[in-house]
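# Chains, contacts and geometry: an overview
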Amino acid sequence: MAKYSNQKNGLIEQEIAEAAQEIKNGNIVLFPTETVYGIGANALNEKAVKKIFEAKGRASDNPLIVHVSNIEMVKNIVKEINNIEKKLIEKFWPGPLTIIFNRKSEKIIPNVVTANLNTVGIRMPSNKIAKELIEKAGVPIAAPSANVSGKPSGTKVEDIIEELQNKVAYILDGGSSDIGLESTVIKVENNKINILRPGKITKEELEEVVKNVQIDEHVLGKVEKNEAVSSPGMKYRHYAPNTKCIMVYSKSKEKMINKINELTNKTTKEGKKVLVLGRKSNLEKYISSQKWNEGETLNEIAKNIFTLLRKVDKENVDLVIIEGVGEEALGLAITNRLIRACEYNYIII
Ligand code: AMP
Ligand code: MG
């Protein structure tokens, strides 16, 4: 069983140091970041990184993001940092942006981290505990989201302690994640930015650095079997509860609410139970007897959504109908997670 430290009353230096020692010893640690919780290991230690894949049941062709606390760590790992990447680093680091670089050599970052790709995803987290953990460990930390593969990412320790406490050496509890969705993953190619996974840093914000920002076709599109993708994580079932879910979205609020009520009506008539997840201000308009508040703003919805998705399986309902949020700004990242949670079962009208 992991050693557990509750950081809610401020940083406990001693405990971060103990967790850092576990990283140095080649063990894995559950720690907070501003996006979601991570399960981390020394990124330079192949054996340690393998423990992460075992703990999560993660496919070995799904690469991990390497977390750093200073730019020297990046220089040690990557071939070069081009001008656009430099600007992105200046503007968004520390923060929720992962940049895919060409890696220097497999002797520094082992193949297990990059899933044999010659590129490596790197990010500098802004969360204080994460930063201190990396600094004290003195090595970059490879860390995917803290969850058993396929499940929603952990945004508070209560949500994931059961599934992970016997698999990690140390748990650093830093309360709820500020953002609640994983980082934006981008790659700079031919002076363009390609968004491989949307996140808190939006297309609109990236366009302030380079005009030409594209969204990879798989961000909202379905990945067909055996199709090559630029971000391997896109291939996998992700964020999905066991209960059947459907996302419904329309730019017209009225149309969306009517459609959700129509679906509720049809499903209830079949003798099935429905749960609706909707914006606070819309809830009273839903006819379903069970309805949950997603939050009101996009920031609130981002922060709440994984916890809600994790809870639905405990409700014993047959269908979860989830309000969509559109694709603007942070909406793109939320929609990307929701359509996967619904296993591409969605209605946009
Ligand atoms: P997670 O750690 O669960 O947030 O997942 C990390 C995401 O980053 C996955 O979707 C990966 O596909 C993506 N990623 C990490 N490294 C690379 C890389 N070298 N090239 C492309 N995508 C990457
Ligand atoms: Mg993940």
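These lines cover the structure that appears in this document, whether it is placed above or below. What you are looking at is a predicted structure, and each value in this text was computed from that prediction instead of being measured.

What counts and how
Residues numbered from 1 in each chain as written. Chains lettered and ligands numbered in written order. Predicted model: local features only at pLDDT ≥ 70, side-chain atom pairs only at ≥ 80, totals over all residues. Heavy atoms only, no water. Pairing = 2+ DSSP bridges. Helix = DSSP H or I, 4+ residues; strand = E, 2+ residues; numbered from the N terminus. Contact = heavy atoms within 4.5 Å. Axes fitted to C-alpha atoms, helices over the stretch in contact; angles between N-to-C directions. 1 Å grid on protein atoms, 1.4 Å probe; cavity = no way out; pocket = protein on both sides within 12 Å on 5 of 7 lines; lining within 4 Å. Points joined across faces, edges and corners; volume = space filled by probe spheres on them. Nonpolar A, V, L, I, M, F, W, Y, C, P; charged D, E, K, R; others polar. Core = buried A, V, L, I, M, F, W, Y, C linked by side-chain atoms within 4.5 Å. Buried < 20%, exposed > 50% of the residue type's maximum accessible area, 1.4 Å probe, protein only. Phe/Tyr/Trp six-rings, centres within 6.5 Å; stacked < 30°, edge-to-face > 60°. Near = heavy atom within 4 Å. Polar contact = N/O pair within 3.5 Å; in protein donor to acceptor, adjacent residues only side chain to side chain. Areas by Shrake-Rupley, 256 points an atom, 1.4 Å probe, with all protein chains shown as cover. Sits in = over half its atoms within 2 Å of the grid points.

Below, the discussion takes up the sheet that holds strand β6 (residues 119–123). Pairing within the open sheet is mixed, and its 11 strands lie in the order β1-β8-β2-β3-β7-β4-β6-β5-β9-β10-β11. Here the strands that pair on one side only, and so sit at the sheet edges, are β1 (3–6) and β11 (213–215). Of the strands in this sheet, β5 (97–102), β9 (184–189) and β10 (192–197) are in contact with helix α4 (residues 83–92), which crosses β5 at around 155°.

Counting across every chain of the model gives one cavity of 30 Å³ or more. Space inside the largest cavity adds up to approximately 40 Å³. In terms of lining residues, the largest cavity is bounded by T184, I195, P198, G199, I201, T202, K203, A329, L332 and A333. Here the lining of the largest cavity is composed, by residue class, of six nonpolar, three polar and one charged.

Here we come to the nonpolar core. Nonpolar side chains in soluble globular proteins tend to end up buried together. Core analysis: the largest hydrophobic core is formed by 66 residues, its most contacted members being L88, I122 and L206. Setting aside anything within four residues of it in sequence, one finds L88 in contact with W93, L97, I99, I186, V188, I193, L206 and V209.

Turning to the packing of aromatic side chains, a few remarks are in order. Under the definition given, this model contains one aromatic pair. Note on Y239 and F306: the rings are 5.2 Å apart at their centroids and 15° apart in plane angle, and the pair reads as stacked. Separated by 67 residues along the polypeptide, Y239 in the loop between β11 and β12 (244–249) and F306 in helix α10 (residues 298–311) bring together distant segments of the chain. For Y239, a relative accessible area of 2% corresponds to the buried category.

As a further point, take the site of ligand 1. Around ligand 1, the structure places 18 residues, and the nearest of them are T119, P144, R197, S231 and G233. Between ligand 1 and N62, the relevant distance is 3.5 Å, taken from an oxygen atom to a side-chain nitrogen or oxygen of the residue. Burial of ligand 1 by the surrounding chains reaches 95%, relative to a free accessible area of 490 Å². Most atoms of ligand 1, that is more than half of them, are within 2 Å of grid points of the largest pocket. If you tally residues by element for the shell around ligand 1, the top one is β6, at three residues.

Read these as layout, nothing more, since geometry by itself doesn't imply function.
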